[in-house]
Amino acid sequence: MTTRNGREAPLTVGIDVGGTNIRASVVDGSGEVLDTVQAPTPHAARALEDGLARAVRELRSRHEIGAVGLAVAGFVDETRSSVRFAPHLPWEDSAVAGRLTERLGLPVILEHDANAAMWAEYRFGAAAGAHNGVLVAIGTGIGAALLVDGRLYRGSYGVAPELGHLQVVPQGRACPCGKRGCWERYCSGTALVDTAIEMLATDPMRSTILAREVFADPGALTGRKVAGGAQDGDPVALQVMADFARWLGLGLAFVGDIFDPDLIVIAGGVSSSAALFLDDAREHYAAAVTGARHRPLARIRTTQLGEAAGMIGAAELARSALEPATSASRSGSGVDDESGSGEPDDRGSRTAARSRAQRNSVKAAQPQPNSAKATRAQPNGSSGRGSANSAARGPGAKTGTRRR
Ligand SMILES: [Zn+2]
């Protein structure tokens, strides 16, 4: 694949930095994964960065690499150079991109993992052609990302969107984030278990399969088992899935009322059971979104890139950082990245405040890497930042690729 300049698009590395594993892949300009290495995630910051550097060096020994993108399950700051907080990673207010850039001698960008996944789906997968998209990655919790006019929306401080923690039930189920009644307490793999246990508590004789599971060992019930039960026709499991579908549709309707998306991508581990809930969820969405009969409704689809989306998206964002070297020359102008490249950068006015390392490394990470996207580019984007979804989700929550 060639760039707008007619140059060969460089290979880049995308790394999914999850709480359990680091997975690093070489990705080409068409989103193809060429090579992957994986290692357990070290628990100390220095060891983690050593591990990341090792993975990149190994891939670099086999491929010519232009840049590196990290998909991080946590809050990434608005410059995408630091991790503010990540519940399962040893980084806190940590300037990861600059340090890795220095170690590797390559540009390094950070992105929230759900944002990275959204970007990959937009460029190469289920969200291709969307203008305004929402990605909802449903696993232990909910991770989410927003695409607005063909660009990732990160809010003002890098934290948007925390859809999983919209309170849908006042005084509802307790959430690790400290609130009650968050959407992900009713619409996640964890929620499948909680709902099943609640239903069985009120009517323990109703289910054969699930009841046996729960009475034998309530702690051993998993969302996957509930989905399996539904697959086998277990009446309680089917009811649990119906409840899940209702909450999914209702929650999406909140999102739909605010953002009026044309596409919603359901990702995360639970999406593999979409056949059990997606049609119902679409109906609930249509019933709950305002004015449904008088507006086009968002298409609701499942992920196309699955677990690899975060890596592919991070690699693609890193690649776009290498596109027309507009940033360095125009830093501080408030409009960096917009001219020649046709790819707007929402962080323009903040550029001057950035560190040099970050300028070198992160820059254009909010890209419109090709001309098709560029036509939708908005010149002055908003505030650009990494939308961290997982962090506030607490210990059980994961975003992006991990949930799939
Ligand atoms: Zn919460």
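Figured I'd write up the structure that's included with this text. This one's a predicted model, so the numbers in the text were calculated from it and none came from an experiment.

**Structural notes on the overall build of the protein**
If you tally the helices and strands in the protein, you get twelve helices and 13 strands. The 404 residues of the protein split such that 56% are buried. A separation of at least 24 residues holds for 70% of the contacts in the protein among residues at least 6 apart in sequence.

**Some thoughts on unusual backbone geometry**
Residue Pro 161 follows Ala 160 across a cis peptide bond; omega there is -5°. For Pro 161, the position within the fold is in the loop between strand S11 (151–153) and helix H4 (189–202). With a phi angle near 60°, Arg 80 is a residue other than glycine that sits in the positive phi range. Assignment of secondary structure puts Arg 80 in the loop between strand S5 (75–76) and strand S6 (83–85). On the neighbour-count criterion, Arg 80 (33 C-beta atoms within 10 Å) is buried. The phi angle at Gln 171 is positive, at roughly 60°, despite the residue not being glycine. One can find Gln 171 in the loop between S11 and H4. Gln 171 gets classed as exposed once you count the C-beta atoms within 10 Å, which come to 8.

**Digging into the sheet that holds strand S9 (residues 133–138)**
With respect to topology, five strands assemble into an open sheet ordered S11-S10-S9-S12-S13, the strand pairing being mixed. Each of the sheet's edge strands pairs with one partner strand only, and the pair in question is S11 and strand S13 (299–302). Shown here is a sheet whose adjacent strand axes are inclined to one another by a mean of 25°, direction ignored. As judged from the six bridges shared by S9 and strand S10 (residues 142–148), these two strands associate in the antiparallel manner. By the bridge assignment, Leu 135 is partnered in S10 with Ala 145.

**Here we look at helix H2 (residues 96–104)**
Residues of H2 that are buried: Val 96, Ala 97, Gly 98, Leu 100 and Thr 101. Within two residues after H2, Gly 105 carries a phi angle of roughly 70°, on the positive side.

**Description of the environment of Phe 244**
For Phe 244, the position within the fold is in helix H7 (residues 235–259). For the pair formed by Phe 244 and Ala 191, sequence separation is 53 residues and the distance between their alpha carbons is 7.7 Å.

**Some remarks on the nonpolar core**
Judged by nonpolar contacts, the single largest core of 110 residues is most densely connected at Ile 15, Leu 135 and Ala 196. Top contributing element to this core by residue count: H7, with eleven residues. Apart from residues no more than four positions distant in its own chain, Ala 196 is found in contact with Leu 210, Val 214, Leu 221, Val 226, Val 236, Ala 237 and Val 240.

**Details of the environment of Lys 179**
Here Lys 179 is to be found in the loop between S11 and H4. The class for Lys 179 is partly exposed, based on 16 C-beta atoms found within 10 Å. For the pair Lys 179 and Leu 166, spaced 13 residues apart in the sequence, the C-alpha separation amounts to 9.5 Å. Excluding residues within four positions of it along the chain, Lys 179 makes contact with His 165 and Gln 167.

**Considering the sheet that holds strand S4 (residues 65–72)**
Strand order in the open sheet formed by five strands is S3-S2-S1-S4-S8, and the pairing between neighbours is mixed. If you trace the sheet from one side to the other, it starts and ends with strand S3 (33–40) and strand S8 (108–112), each paired once. Looking at each pair of strands side by side, their axes are set apart by 20° on average, direction ignored. The strands that H2 touches are S4 and S8; relative to S8, the one it contacts most, it runs at about 145°. Running over the sheet, helix H3 (residues 113–124) touches strand S1 (11–17), S4 and S8 and is turned about 95° from S8.

**Things to note about the pairing of strand S12 (residues 263–267)**
Within S12, five of the five residues are buried, which leaves the element mostly enclosed by the surrounding structure. Burial along S12 is two-sided: the face carrying Leu 263, Val 265 and Ala 267 and the face carrying Ile 264 and Ile 266 are both buried. With five bridges joining them, S9 and S12 adopt parallel strand pairing. From the neighbouring strand, Ala 137 faces S12, where its bridge partner is Ala 267. Bridge count for S12 against S13 is four bridges, and the pairing is parallel. Its bridge partner being in S13, Ile 266 is matched across the sheet by Thr 302.

Cut-offs used in this document
Residues numbered from 1 in each chain as written. Predicted model: local features only at pLDDT ≥ 70, side-chain atom pairs only at ≥ 80, totals over all residues. Helix = DSSP H or I, 4+ residues; strand = E, 2+ residues; numbered from the N terminus. Buried ≥ 20, exposed ≤ 12 C-beta atoms within 10 Å, placed from the backbone. Contact = placed C-beta atoms within 7 Å. Pairing = 2+ DSSP bridges. Axes fitted to C-alpha atoms, helices over the stretch in contact; angles between N-to-C directions. Core = buried A, V, L, I, M, F, W, Y, C linked by C-beta atoms within 7 Å.

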